[in-house]
Amino acid sequence: GGSGFGQPPPPGFWGNADALRRLHMQRMAEARAQGRGAGGVGGPGGVLTKEARVQRFKQLLVEAGVNAFSFFAKVKGKLEKDERWKLLPNDGERRLVFDEFCKNVAAEQKALAAAAEKQAVEGFKALLEEALQLERQLYVALLAESISREEEEEGDGAAAAADGSGE
């Protein structure tokens, strides 16, 4: 488990291209450790299955830093010299895989943004609750100090009155 593009990425990682590359390298290392080679599952005689070719093409997109707003034409110009680009037979198939990849990246980014917003709201609520508790503690402390001062003043006044009547 944990390796391959069928697995969801760890939370919070789509917003960081370096994290995406690190995850890719980790999954590649896991695949090699499991004897599947760099391209994933190899078929008989070392021929890659279509699924493995698509996976390697997606790995190329990850390494290139393709995101939800990337354009196929620009990416094509940069990557067509890479051997993994040629794993898919034509630009039509490459475009389909590219579009699917970008759509998935966009969905992940949207989910991440929603989670980050929810976390920020919860953090703000916790901060407000803490401020309210501190305010209550301060109010209690000030009230206790005020009562103590009033009692001291009343005690001083009663003592002075007792001293004055005794003369």
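Above this text sits the structure in question.
What you see is a predicted model, and the numbers here were worked out from it, not measured in a lab. (Residues numbered from 1 in each chain as written. Predicted model: local features only at pLDDT ≥ 70, side-chain atom pairs only at ≥ 80, totals over all residues. Heavy atoms only, no water.)

Trainee: Hey, could you run me through the pattern of salt bridges in this one?
Mentor: Note on pairing: side chains with opposite charge can pair once their charged atoms come close. For the structure shown, the criterion picks out 9 salt bridges. Put simply, E93 and K50 hold a salt bridge, and the shortest N to O gap is 2.9 Å. Taken as a pair, E93 in helix α4 (residues 91-165) and K50 in helix α2 (residues 50-63) lie far apart in primary sequence, 43 residues in all. Residue K50 is classed as partly exposed on the basis of its relative accessible area, which comes to 46%. Between K76 and D91 there is a salt bridge, with its nearest N and O atoms 2.5 Å apart. Of this pair, K76 sits in helix α3 (residues 72-79) while D91 sits in helix α4, and the two are 15 residues apart along the sequence. K76 gets classed as partly exposed once you look at its relative accessible area, which sits at 25%. (Salt bridge = Lys/Arg side-chain N within 4 Å of Asp/Glu carboxyl O. Helix = DSSP H or I, 4+ residues; strand = E, 2+ residues; numbered from the N terminus. Buried < 20%, exposed > 50% of the residue type's maximum accessible area, 1.4 Å probe, protein only.)

Trainee: Teacher, can you tell me more about the nonpolar core here?
Mentor: Across soluble globular proteins, nonpolar side chains show a tendency to be buried alongside one another. Judged by nonpolar contacts, the single largest core of 17 residues is most densely connected at L61, V66, V75, W85 and F98. Residue assignment for this core shows that the elements contributing at least two residues are α2, α3 and α4. (Core = buried A, V, L, I, M, F, W, Y, C linked by side-chain atoms within 4.5 Å.)

Trainee: When you look at a nonpolar patch on the surface in this model, what are you seeing that I'm missing?
Mentor: A contiguous nonpolar patch, built from Y139, V140, L143 and I147 and spanning about 400 Å² of accessible area, is present on the exposed surface. Relative to the assigned elements, I147 resides in helix α4. (Patch = residues over 30% accessible without salt bridge, like charges linked within 9 Å, V, L, I, M, F, W, Y side chains within 5 Å. Areas by Shrake-Rupley, 256 points an atom, 1.4 Å probe, with all protein chains shown as cover.)

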